[in-house]
Amino acid sequence: MPVITMREALNQAMREEMHRDENIFLMGEEVASYQGAYKVSKGLLDEFGDKRVIDSPITELGFAGLGVGAAMVGLRPIIEFMTFNFSILATDQIVNSAAKMLYMSGGQFKIPIVFRGPGGSAYQVSSQHSQAIESWFAHFPGLKVVMPSTPADAKGLLKSAIRDDDPVIFIEQERMYGNKGEVSDDPEFMIPLGVAEVKREGTDATIVARSLMVPIALKAAEELEKQGVSVEVIDPRTIRPFDTETIIRSVMKTNRVVIAEESHPFCGVGAEISAQIMERAFDYLDAPVKRVSGVDAPMPYAKNLEKLAIPDLPRLVAAVREVSYLD
Amino acid sequence: MSELKVTPMKPRMQAEEASGAGVSIQAKVEAAAATAAINPEELRREHAQRQQEQQERIEELDRDTLHRLLYQMVLIRRFEEKAAEAYTLGKIGGFCHLYIGQEAVAVGALGALRPDDYVLTSYRDHGHSLAKGTSPDEVMAELYGKAGGCSAGKGGSMHLFDAGVNFLGGHAIVGGQIPLATGVAFAAKYRGTDQVTLVFFGEAAVNQGAFHESLNMAQLWKLPCIFICENNQYGMGTSLERAMSLQDVSQKAPAYNMAGEFVDGMDVLDVYQATKRAVERARTESLPTLLEIRTYRFMGHSMSDPGNYRTRAEIEKHQERDPIVVFRTNLKEKGTLDDAAMNDIEQRVREAVERALQFAESSPEPAPEELFTHIYANPPRQDA
Ligand SMILES: Cc1ncc(C[n+]2csc(CCOP(=O)(O)OP(=O)(O)O)c2C)c(N)n1
Ligand SMILES: [Mg+2]
């Protein structure tokens, strides 16, 4: 299988799907001529023309709403946010229009749209440009939320998101765009939404990690193996729908859980996962569920403070040791 | 490449042609470019006329004011040249948006203010904070992410703040500062002070709802706010023509029944005088103004922009009217500046920038516990 970057995998997914269905168009800031602020849409303007690959003004609320409207009458927009920080301006159209249209119209108007772009922490860009806001979107019934951690997942999940008839929030991690991995070039290669993947099997403790935290969790598992702890790493891949079963199965086996996430802990996705484990598998737990999250503070600019704000390998290793009562 | 982009001086009256229904977007863009294109001879004549105008303005001002404006422009230029060097050495991180080429806008506009007036701007904020009076030491230390920075190392290049000089920040969400400034002006009026608020934003920010909502409120409630669009003709890699239906930004003022003016941003004195008029209107009548100040950035959008969306020739065309060179030359021609005075300015600037670098280098990193300070003004009780 070809080895490509996450960036290329996302690009392939859009290209293949746009060939398959001419109702799909891509709109966002700098997606066309500039080839994408992070080059994810490279080459798409040349291939599909400016009818289908469209540079928008800096008007997030406007073009997000435009996408929802176009979806109401049969198009299948991919709306790129230059970063998810700017989706905050568009949350009205995402939350009040996209998420609820099908419901409040009594099933008449489905919204097949993908809102995608990079999210999570970025390098030294301070509070307004470095934050993980998946829990905002995951909060609302009607939205689906996807966060891939490998190039293959990125491609397979994005293709599913594009073919899905519901609004999908697809959050990529800017720091991962250059990560490489094997990716199928079969145009029908898809990964269904709502299916977690066991990224590494283990027996002593489970780490539930998403996005940027997955490679760190895998490193932690390697390190812990040397210390005699066998760690299972699970990537839910989609936050909504959420594959609780796979996680519960793992908890029943390992009896110990650490949840790793970049986002703030308070009211975060980790809190939800923890609650579900408590509700469904309390009797199987040998230790309280532990979260390793981004700190409960806005992101600082200074390099030394930024380093303290984002979960890292030592914190994750320490957390697994803690739930294993090793220290 | 049309000549359109090298004519920063004339507002383009394009409203009528744009209203022609049934014309394709492509055709409209081409028509606009064609009507706006001018030949090199015309451009030279225009440059000469602009030079003439600045020389007339020089006569209306005293030498101290003129030299102060020049000093500030040179300070910003040299400060940023050093900051760019420090960036490539890895001493400054993240996004770093340089102001080089646009100095006349911040310097001219802020020169028209009283020290207690308020200023807000975008992430391209080094020039505004320096012109407002923040110490270069603290600005450089902030870029370095040090404890001695004007935002304690927490904000970085995009978020300079200095309450001491009423500089209310660099803001990194495009358009986000515009409603904030409207609120600052509201507060000044509410408290009955005669302070004026100036807010700077790029032309791409004009496409955000925040701009339109703010202008409407400001005029509706007669708020002493001056909205300054720094039209450098690009939002990142997207030219104005590709993103805005009516490109005469100053013409958006009438839609809100607001006073609007078009200003040559390469002439610091045009900026100074236009802002003076707006400040007068705000201070005495409590009325807002929209200024479209046409300028051009000589560097990339940020330090990481390769700039493939415009030609070197286009940049060089604009550099012919480098606001510092133009001003210096005119001051000399009018006999208001001699070589000794110019050398003195360069010397003082060099010292200030050198001091700033040393201060930034020697300032300590923020202490680890600073991660959790400044989250709340009334922090929750520790023992709770
Ligand atoms: C809401 C939002 N969308 C997108 C961005 C990314 N971005 C930063 S600056 C910029 C271009 C802004 O151009 P303009 O307003 O003309 O200001 P200039 O950079 O030219 O000073 C973009 C798209 C952002 N910071 N905020
Ligand atoms: Mg601009």
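Note that the structure is a prediction, hence the values are computed from the model and not measured.

### Here we look at the overall build of chain A
Working step 1: Along the backbone of chain A there are 12 helices and 14 strands.
Working step 2: Here chain A has a C-alpha radius of gyration of 20 Å; the compact-globule value for 327 residues is 20 Å, and the two agree.
Working step 3: For chain A, the C-alpha atoms occupy an extent of roughly 60 × 45 × 40 Å along the three principal directions.
Working step 4: For chain A, the proportion of its 327 residues judged to be buried stands at 61%.
Working step 5: Restricting to contacts in chain A with at least 6 residues of sequence separation, those with at least 24 account for 82%.
Working step 6: For chain A, the exposed area adds up to about 12,600 Å²; of that, 54% sits on carbon and sulfur atoms.

### Brief notes about the packing of helix 4 (residues 63-88) of chain B against helix 5 (residues 103-111) of chain B
Residue and element names in this part refer to chain B.
Working step 1: Relative orientation of the contacting elements helix 4 and helix 5 amounts to 140°, with a least axis distance of 9 Å. Here helix 4 lies oblique to helix 5, going by the angle between them. Crossing of helix 4 over helix 5 shows right-handed handedness. Residues Arg68, Leu69, Gln72, Met73, Ile76 and Arg77 of helix 4 form the contact with helix 5, whose own contacting residues are Glu103, Ala104, Val107 and Gly111.
Working step 2: Its residues placed into classes, the contact of helix 4 with helix 5 shows five nonpolar, two polar and three charged.

### Brief notes about the interface of chain A and chain B
Working step 1: Counting residues at the interface gives 32 residues for chain A, matched by 39 residues for chain B.
Working step 2: Between B:Arg242 and A:Asp55 there is a salt bridge, with the nearest N and O atoms lying 2.3 Å from each other.
Working step 3: For the interface between chain A and chain B, the tally reads 16 residue pairs in polar contact (both at pLDDT 80 or more).
Working step 4: The greatest single-element share of the side of chain A that touches chain B, amounting to five residues, is contributed by helix 11 (residues 303-309) of chain A.
Working step 5: Considering only residue class, the side of chain A that touches chain B consists of 19 nonpolar, eight polar and five charged.

### Thoughts on the site of ligand 1
Working step 1: Neighbouring ligand 1 are 22 residues, the closest being A:Glu60, B:Tyr123, B:Arg124, B:Ala172 and B:Asn232.
Working step 2: More than one chain approaches ligand 1, the contributing ones being chains A and B.
Working step 3: Between B:Glu203 and ligand 1, the recorded distance is 3.0 Å, taken from a side-chain N or O atom to an oxygen atom.
Working step 4: Between ligand 1 and B:Tyr234 there is a distance of 2.9 Å, counted from an oxygen atom to a backbone nitrogen or oxygen.
Working step 5: Surface burial for ligand 1 is 97%, taken as the share of its 580 Å² of free accessible area covered by protein chains.
Working step 6: For the shell around ligand 1, a count of residues per class yields 12 nonpolar, six polar and four charged.

### Observations regarding the domain arrangement of chain A
Residues and elements named next belong to chain A.
Working step 1: Each assigned domain of chain A is listed with its residue range as follows: domain 1 (3-182) and domain 2 (197-323).
Working step 2: Centre-to-centre separation of domain 1 and domain 2, based on C-alpha positions: 26 Å.
Working step 3: On the domain 2 side, the residues contacting the 29 residues of domain 1 number 26 residues.
Working step 4: For the pairing of domain 1 and domain 2, the buried interface totals around 2,100 Å² over both sides, and the portion due to carbon and sulfur atoms is 55%.
Working step 5: Close ionic contact of Asp153 with Arg237 constitutes a salt bridge, the shortest N to O distance being 3.0 Å.
Working step 6: Viewed at the interface, domain 2 and domain 1 are joined by 13 residue pairs in polar contact (both at pLDDT 80 or more).
Working step 7: Sorting the residues of the side of domain 1 that touches domain 2 by element identifies helix 6 (134-138), strand 6 (144-146) and helix 7 (151-163) as the ones contributing at least two each.
Working step 8: Considered class by class, the residues forming the side of domain 1 that touches domain 2 number 14 nonpolar, 11 polar and four charged.

### Overview of the sheet that holds strand 1 (residues 118-122) of chain B
Residue and element names in this part refer to chain B.
Working step 1: A sheet is described by the order of its strands in space; here six strands give the open sequence 2-1-3-4-8-7, paired in parallel fashion. With partners counted over all chains shown, the strands left at the sheet margins are strand 2 (167-171) and strand 7 (259-264), one partner each. Strand-to-strand twist of the sheet, defined as the mean angle between neighbouring strand axes without regard to direction, takes the value 15°.

### Quick word on the coordination of the magnesium ion (ligand 2)
Working step 1: Protein-derived ligands of the magnesium ion (ligand 2) are B:Glu203 (OE), B:Glu203 (OE), B:Asn232 (OD1) and B:Tyr234 (O), with the metal-ligand distances lying across 2.1 to 2.7 Å.
Working step 2: Around the magnesium ion (ligand 2) sit six donor atoms; with metal-centred angles ranging over 51 to 175°, the donor geometry is irregular.

### A word on the nonpolar core
Within soluble globular proteins, side chains that are nonpolar generally end up buried alongside one another.
Working step 1: Counting residues in each nonpolar core, the largest one holds 77 residues, and the members touching the most others are B:Leu70, B:Met140, B:Leu198, B:Ile226, B:Ile228 and B:Phe327.
Working step 2: The element contributing the most residues to this core is helix 4 of chain B, with 13 residues.
Working step 3: A:Ala99, A:Ile111, A:Ile133 and A:Val257 belong to the second-largest nonpolar core, a separate cluster that totals 41 residues.

Conventions we followed
- Residues numbered from 1 in each chain as written.
- Chains lettered and ligands numbered in written order.
- Predicted model: local features only at pLDDT ≥ 70, side-chain atom pairs only at ≥ 80, totals over all residues.
- Heavy atoms only, no water.
- Helix = DSSP H or I, 4+ residues; strand = E, 2+ residues; numbered from the N terminus.
- Rg over C-alpha atoms; globule rule 2.2 N^0.38 Å.
- Buried < 20%, exposed > 50% of the residue type's maximum accessible area, 1.4 Å probe, protein only.
- Contact = heavy atoms within 4.5 Å.
- Areas by Shrake-Rupley, 256 points an atom, 1.4 Å probe, with all protein chains shown as cover.
- Axes fitted to C-alpha atoms, helices over the stretch in contact; angles between N-to-C directions.
- Parallel < 35°, antiparallel > 145°, perpendicular 65-115°, else oblique.
- Left-handed = near helix turned anticlockwise from the far one by under 90°.
- Nonpolar A, V, L, I, M, F, W, Y, C, P; charged D, E, K, R; others polar.
- Salt bridge = Lys/Arg side-chain N within 4 Å of Asp/Glu carboxyl O.
- Polar contact = N/O pair within 3.5 Å; in protein donor to acceptor, adjacent residues only side chain to side chain.
- Near = heavy atom within 4 Å.
- Domains from an automatic or database assignment.
- Buried area = accessible area lost by both parts, 1.4 Å probe.
- Pairing = 2+ DSSP bridges.
- Donors = N, O, S within 2.8 Å, 3.2 Å for Na, K, Ca; no water.
- Tetrahedral: all angles 85-135°; square planar, octahedral: opposite > 155°, others 65-115°.
- Core = buried A, V, L, I, M, F, W, Y, C linked by side-chain atoms within 4.5 Å.

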